Amino acid sequence: EPLELENAAIGKGSLVPFAASSVFRCVFGPPVGWPRRAGCWGATGPGMFGARPSTQVYHAATSVLALRPGPWQHQTRPEIDGDRSLASHISQPNADHPTDPETHLEFPDNRLLIDLCGEFDRNLAQIEQGAGVHILRRGNQLAIHGEAAARAEAGRVLEELYARLEAGRSIDSGAIDAAFRLGEGEPAPQDQMELFKGGAVELKTRKKTVEPRTEAQKAFVQAMFQNELAFGIGPAGTGKTYLAIASGVTLFLGGHVDRIILSRPAVEAGERLGFLPGDMKDKVDPYMQPLYDALNDFLPGKQVTKLIEDKRIEIAPLAFMRGRTLSNAFVVLDEAQNATTMQMKMFLTRLGEGSRMVITGDRSQVDLPRGVTSGLHDAERLLKRVEGISFSYFTAKDVVRHRLVAAIIEAYGSES
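### Focus: a nonpolar patch on the surface
Now for step 1: The grouping of Leu404, Ile408 and Tyr412 at the surface amounts to a nonpolar patch, some 350 Å² of accessible area in total.
Now for step 2: Locating leucine 404 in the fold gives a position in helix 14 (residues 403-415).
Now for step 3: Overall, the relative accessible area of 42% leaves leucine 404 in the partly exposed class.

Structure representation (structure tokens):
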């Protein structure tokens, strides 16, 4: 809250107002929405009192705040002679000022609590922004201030993240985002593959563990493991290709398939690049680069190179798939909206014994020549009722790339 200062007691140009607000932020943290960093929180940024407030600074702040009823009031330390030298210039507030309602959560393990809060409380800042609350740390307790519904939501997220830490799993911004988006969630069905028997949907690779962050992503991952042919259709940034390749790597590392085959149409995005230099690989690789990027997120670079040399991972344009039978493989066709109807039929009929196939695409980003029908559109229309084939759909609400991407997609969608 803003501190009420008596103009008569403090001369013009005094540093006391700035010092008072800085002391408050140094001891109790920034307001909701402010970035948290080491140091104090005055108008000029951290550094006025150093990285950690001294005892004198703490007493000065708590003495100032003692005149203002609020949720922090019980934290004030015993008054020391001279501590009220700064507070003596502060006017008394209304005695009837109500205190904000708060929810208290206690966490027994301080080491896990440190991880829960994050470096410089960055995790708490993200939870504050997501739920619209303010969180204060008091020892091994967290006090949540805000509306009742917002406090309940923040409390649920904090408890879920703490349980995640107790299970030995780490926390990052993606995990916090998933906790908000997935809500309470539902237990995994009993007939799911052994990968999901614990209830949590996780894709474990060499370099990281990937988890769905929205209900649509969770349904898509489950569909890929429950069906031999799965379609993922939705706008850019919803994680369709990323989750598909992560699923393929997980099954490959677990010995469920012998190969990973990744493909996409070699189609420019609305421009003609002409003839590219180099051999066939040099000409094709620029179109396949997003697939390489995803693989390098899940596997060490040297292992990716070795597996490609051994033909256990294949990355090839759609045009090279004709005549092949893809057995005991995890096959992904990305950017399927740029496949023609004949190409789509050709690719779908490559499916062999022991294989799983995933088709991903965005109906709003078709780069085919005018008048050419997208094979993804026809496949969706013709195969919707075929048993063993699943269709998962994403919307702008499932975008996990950047908060502006969802707004951009919605803006273009409303215009069209």
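What follows picks up the thread again.
### Notes on the nonpolar core
Now for step 1: Counting residues in hydrophobic clusters, the biggest one holds 36 residues, and the most contacted among them are Met224, Ile245, Leu262, Leu295 and Ile315.
Now for step 2: For this core, the secondary structure elements donating two or more residues are helix 8 (215-226), helix 9 (240-253), strand 7 (259-264), helix 10 (280-298), helix 11 (301-309), strand 8 (313-317) and strand 9 (329-333).
Now for step 3: Broken down by element, this core gets its largest block of residues, eight residues, from helix 10.
Now for step 4: Contact partners of isoleucine 315, with chain neighbours within four places excluded, come to Leu262, Met288, Leu291, Tyr292 and Leu295.
Now for step 5: Of all hydrophobic cores here, the second largest spans 24 residues; its members include Leu112, Leu158, Ile171 and Ile176.

### Description of the side chain of arginine 138
Now for step 1: Topologically, arginine 138 is positioned in strand 2 (residues 134-138).
Now for step 2: A polar contact is formed between the side chain of arginine 138 and the side chain of glutamate 102, at a distance of 3.2 Å.

### Describing the side chain of serine 263
Now for step 1: Checked against the element boundaries, serine 263 lands in strand 7.
Now for step 2: Of the residues examined, serine 263 reaches a relative accessible area of 0% and is grouped as buried.
Now for step 3: Leaving out residues up to four positions away in the same chain, serine 263 has contacts with Leu291, Ala316, Pro317, Leu318, Met321, Val332, Leu333, Asp334 and Phe347.

### Points about the packing of aromatic side chains
Now for step 1: In the structure shown here, the tally under the stated rule is four aromatic pairs.
Now for step 2: Ring centres of phenylalanine 220 and phenylalanine 394 lie 5.5 Å apart, and the angle between their planes is 85°; this geometry places the pair in the edge-to-face category. Taken as a pair, phenylalanine 220 in helix 8 and phenylalanine 394 in the loop between strand 11 (389-393) and helix 14 lie far apart in primary sequence, 174 residues in all.
Now for step 3: Given a relative accessible area of 0%, phenylalanine 220 falls into the buried group.
Now for step 4: Its relative accessible area of 5% is what places phenylalanine 394 among the buried residues.

Thresholds, definitions, all that
Residues numbered from 1 in each chain as written. Predicted model: local features only at pLDDT ≥ 70, side-chain atom pairs only at ≥ 80, totals over all residues. Heavy atoms only, no water. Patch = residues over 30% accessible without salt bridge, like charges linked within 9 Å, V, L, I, M, F, W, Y side chains within 5 Å. Areas by Shrake-Rupley, 256 points an atom, 1.4 Å probe, with all protein chains shown as cover. Salt bridge = Lys/Arg side-chain N within 4 Å of Asp/Glu carboxyl O. Helix = DSSP H or I, 4+ residues; strand = E, 2+ residues; numbered from the N terminus. Buried < 20%, exposed > 50% of the residue type's maximum accessible area, 1.4 Å probe, protein only. Core = buried A, V, L, I, M, F, W, Y, C linked by side-chain atoms within 4.5 Å. Contact = heavy atoms within 4.5 Å. Polar contact = N/O pair within 3.5 Å; in protein donor to acceptor, adjacent residues only side chain to side chain. Phe/Tyr/Trp six-rings, centres within 6.5 Å; stacked < 30°, edge-to-face > 60°.

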